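Each chain, letter by letter, is given below.
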Amino acid sequence: MSRLVPRCPGVRVILAVNLLIALVPGCAHAAASGVAPRTSTELVASPAEFDGEAVAFTGEVIGESMERGDMAWLHLNDDAYRDRNVEEGAPLGGYNSGMAVWIPAEAASTVVTFGDHAHEGDVVRISGTFNAACPEHGGDMDIHASSLEVVTPGHRVDDPVDPGKVVWAIVLSMAALVAFLADRLRARAEDTRGM
Amino acid sequence: MLLRPRREDHLVIGKYTGKIVIGIGFLMVVPLLTSIAFGEWDTVVDFVISISLCMAFGYGTQAVCRTDRDLGWSHGLVVASSSWLVATAIGAMPHWLSGHMGSYLDAMFDVMSGYTTTGLYLMQDLDHIAHGLNMWRHLLTYAGGQGIVVIALTFLFKGAAGAYTVYVGEGKDERLLPNVVQTARAIWLVSLLWLAVGALALAITGLALGQEPVRAVLHGLWVYMGAWSTGGFAPQSYNTFYYHSLAYELIAIVVMIAGSFNFALHWAVWTGKRREVVRNIETLSFAVTLSLTVLVATFALARAGVYSDAMVLFRKVFYQLVSGHTTTGFSTIYARAWVTQWGPIGLMVTTIAMAIGASACSTGGGIKGIRMGVISRAFMQDVRRMVSPERAMVTAKYHHLRDQLLDDSLVRTTMTITIAYLSLYGLMAVIGTLYGYDFLEAAYEGVSAASNTGLSCGVTAPTMPDALKVLYIIAMWLGRLEFMSVFALGGYAFAMVRGRR
């Protein structure tokens with residue numbers, strides 16, 4: 001299931017507030033360049049309305065840069081985890097949500113950190129043209145970007161072991177051992193009686 | 001009159017349910033090792049807790065429920081259905097401990113979705129989860145595709161004569177080989193061969209697409225598991241849209257279709273009967289209904305002008321509908337694009353494809369191709385009867401591994417299960433609508449859950465009402481086990497209370 005844009009109003013509000021805060025510097029930049037900043041929620045909700053429009057988009061780069069010749073695919077998430085993810089202790093804020101971006105490989109190479117379990121990726125701002133169903137890319141919804149600017153560098157995420165969990169692990173391991181031994185002892189006792 | 005179950009009945013059910021939960025515990029060793037390999041120590045602890053819980057429950061139950069009695073028919077059905085519930089409750093532990101789930105109910109939703117090869121999920125911030133947890137998500141859908149009972153049959157049952165009833169209770173009824181344990185092993189043989197070829201092809205393609213070697217291998221393995229099991233889980237929230245590749249989509253299509261075919265068909269091809277592919281009633285039924293749904297959706301989307309290029313239009317429609325019809329749930333469009341781009345006709349056609357679903361005794365769900373084939377043959381037989389002289393004997397046959405006569409008892413059984421599915425689909429649509437969702441969207445999502453497909457247009461969400469989450473869990477469970485063993489569990493529970501001593 002492709003699950004990128006939350007439908008429920010509660011999560012949308014959380015996302016909207018996050019994005020509002022995050023887009024304040026973006027708005028200034030976008031206004032200067034004359035390109036409207038957009039969110040993935042807006043673009044997916046009304047693809048026909050924005051088709052072919054010049055847009056600015058800000059999001060955390062996740063996964064990797066997939067280079068195809070002189071160009072590359074990036075995936076930018078503008079969701080509740082854009083600046084801090086669950087592994088770092090961010091509260092749950094719904095599904096991931098973002099946009100696929102087709103960009104010159106040289107521009108993509110400025111991204112240093114990609115978001116995954118161990119990393120919060122670089123937050124970048126791109127500007128380009130939104131395609132509701134890109135004919136060049138098999139009908140995919142994407143943005144063909146011409147520029148990329150790193151807004152916030154990414155960082156490594158530490159996910160320390162919870163000491164409470166370790167205690168539970170020890171207790172349950174002991175319980176499993178006791179259950180295993182009880183089962184084996186009963187089986188052996190039955191075998192002896194059978195003989 | 002139902003007889004109240006005796007102590008021996010409880011013991012035999014407890015003993016075999018315990019064995020299946022031990023099997024789930026062993027399965028968790030794979031994600032545990034994955035997390036160790038990537039140094040995800042918090043996730044390692046999550047899996048140690050979960051494995052210990054499985055072993056404590058499984059061996060504890062076995063120790064308490066010692067009996068030499070073999071499984072009877074009703075025991076087998078009850079073991080199949082109850083073990084899926086227990087395995088879901090315990091299997092949800094790694095999800096819940098990860099911190100990515102809103103509640104334990106959400107974790108159980110995802111695990112039931114995995115076992116039943118549905119693919120709907122409530123996990124939040126999927127793009128930042130540990131490799132170990134991603135391995136568990138995909139492994140449980142792969143294991144669910146084979147059938148978790150099949151796993152236990154393969155490794156733990158050691159030739160119990162009554163094991164066949166548990167196997168049937170899990171929605172599989174083909175004996176590929178005379179012995180059911182050998183059959184379970186044959187299913188694994190077929191699956192592992194496909195695993196080697198499919199995962200390798202996807203990994204090599206991923207490398208060519210610009211993925212790093214480790215990620216290409218992991219994604220290849222996971223996407224293969226999602227495709228073969230017709231589960232539809234993918235490692236990124238973008239699903240298979242993430243790869244932007246025709247080659248990747250083509251490989252996924254081949255694996256999805258292969259996974260949706262009857263294991264008996266695979267075995268027939270494996271043993272040299274290759275013509276079975278073009279003669280079998282299920283493959284013919286699949287070809288007809290897939291072609292029709294693709295045709296209608298292509299026409300509707302062409303009229304709507306969503307895709308400007310004919311090849312692009314066909315690529316999008318064919319991929320989504322193969323995914324829907326095989327009950328996989330992969331997609332290369334955004335969830336809300338089903339509504340904002342595909343529109344009402346696109347939603348309806350995909351709903352029909354999901355409702356029909358895959359082949360019997362496969363990893364897929366839905367009404368199943370064989371039932372569609374039998375019903376259409378029976379319909380044609382009735383038409384021929386009406387136009388034939390009164391004294392004429394009108395018979396009909398269908399081909400499934402061999403030519404078989406279409407008799408009324410078979411048609412009746414087929415209709416019973418089909419009506420059960422249609423009733424479930426209808427119920428899901430109505431209840432979803434009562435919760436305030438648009439009827440078409442509620443029907444689409446409800447059918448997706450009950451047919452174990454996993455495509456979503458946005459109804460499934462962490463914030464959906466808990467009662468609806470519970471309903472979806474039950475629908476996934478009922479749909480996967482094809483009702484009978486769940487009814488048997490209900491009957492068993494009823495007999496415990498009201499049965500005659």
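Residues numbered from 1 in each chain as written. Chains lettered and ligands numbered in written order. Predicted model: local features only at pLDDT ≥ 70, side-chain atom pairs only at ≥ 80, totals over all residues.

1. Remarks on helix α22 (residues 484-498) of chain B
The periodicity of an α-helix, 3.6 residues per turn, causes residues three or four positions apart to be oriented the same way. Residues and elements named next belong to chain B. The end-to-end C-alpha distance of α22 is 20 Å, a good match for the 21 Å that 15 residues give at a rise of 1.5 Å each. Three or more residues of α22 are buried, namely Ser485, Val486, Ala488, Leu489 and Tyr492. The buried side chains of α22 occupy one side of the element, clustering within an arc of 160° when seen end-on. Seen from the buried face of α22, the exposed residues on the opposite side, beyond 90 degrees, are Gly490, Phe494, Val497 and Arg498. (Helix = DSSP H or I, 4+ residues; strand = E, 2+ residues; numbered from the N terminus. Expected span 1.5 Å × (residues − 1). Buried ≥ 20, exposed ≤ 12 C-beta atoms within 10 Å, placed from the backbone. Arc of directions from axis to C-beta.)

2. A short note on the confidence of the model for chain A
When the pLDDT values of chain A are averaged, the result is 87; 82% of them are 70 or greater. In the model, residues 17-28 of chain A has pLDDT below 50 throughout and makes 14 contacts with residues more than four positions away in sequence or in other chains. (pLDDT = per-residue confidence, 0-100. Contact = placed C-beta atoms within 7 Å.)

3. Digging into the pairing of strand β3 (residues 71-77) of chain A
Successive side chains on a regular strand alternate, one facing one side of the sheet and the next facing the other. Of all 7 residues in β3 of chain A, 6 are buried; the element is thus mostly enclosed. The antiparallel hairpin formed by strand β2 (residues 54-68) of chain A and β3 of chain A contains 2 residues in its connecting segment, where Gly69 of chain A sits at a positive phi of about 70°. (Pairing = 2+ DSSP bridges.)

4. Thoughts on helix α15 (residues 281-304) of chain B
All names here are of chain B. Counted at 1.5 Å a residue, the expected span for α15 with its 24 residues is 34 Å, and the 35 Å between its end C-alpha atoms agrees. Within α15 the residues assigned to the buried category are Ile281, Glu282, Thr283, Ser285, Phe286, Thr289, Leu290, Thr293, Ala297 and Leu301. The elements touched by buried residues of α15 are α13 (263-270), α14 (276-279), α16 (310-325), α17 (337-356), α18 (369-387) and β1 (397-400). Just beyond α15, the residue with positive phi is Gly305, at close to 70°.

5. Focus: the pairing of β2 of chain A
All names here are of chain A. With 12 of 15 residues buried, β2 lies mostly within the body of the structure. Bridging between strand β1 (residues 36-37) and β2 involves 2 bridges; their strand directions are parallel. Bridge pairing in β2 places Ala36 opposite Val55. In terms of strand pairing, β2 meets strand β6 (residues 123-134) through 7 bridges, oriented antiparallel. Each residue of the ladder has a partner; that of Ala56, found in β6, is Ser127.

6. Some points on the interface of chain B and chain A
Each partner contributes to the interface: chain B provides 69 residues, whereas chain A provides 60 residues. Elements supplying a minimum of two residues to the side of chain B that touches chain A: α3 (41-64), α16 and α17 of chain B. The biggest single contributor to the side of chain B that touches chain A is α3 of chain B, with 14 residues. Class assignment for the residues of the side of chain B that touches chain A results in 30 nonpolar, 27 polar and 12 charged. (Nonpolar A, V, L, I, M, F, W, Y, C, P; charged D, E, K, R; others polar.)

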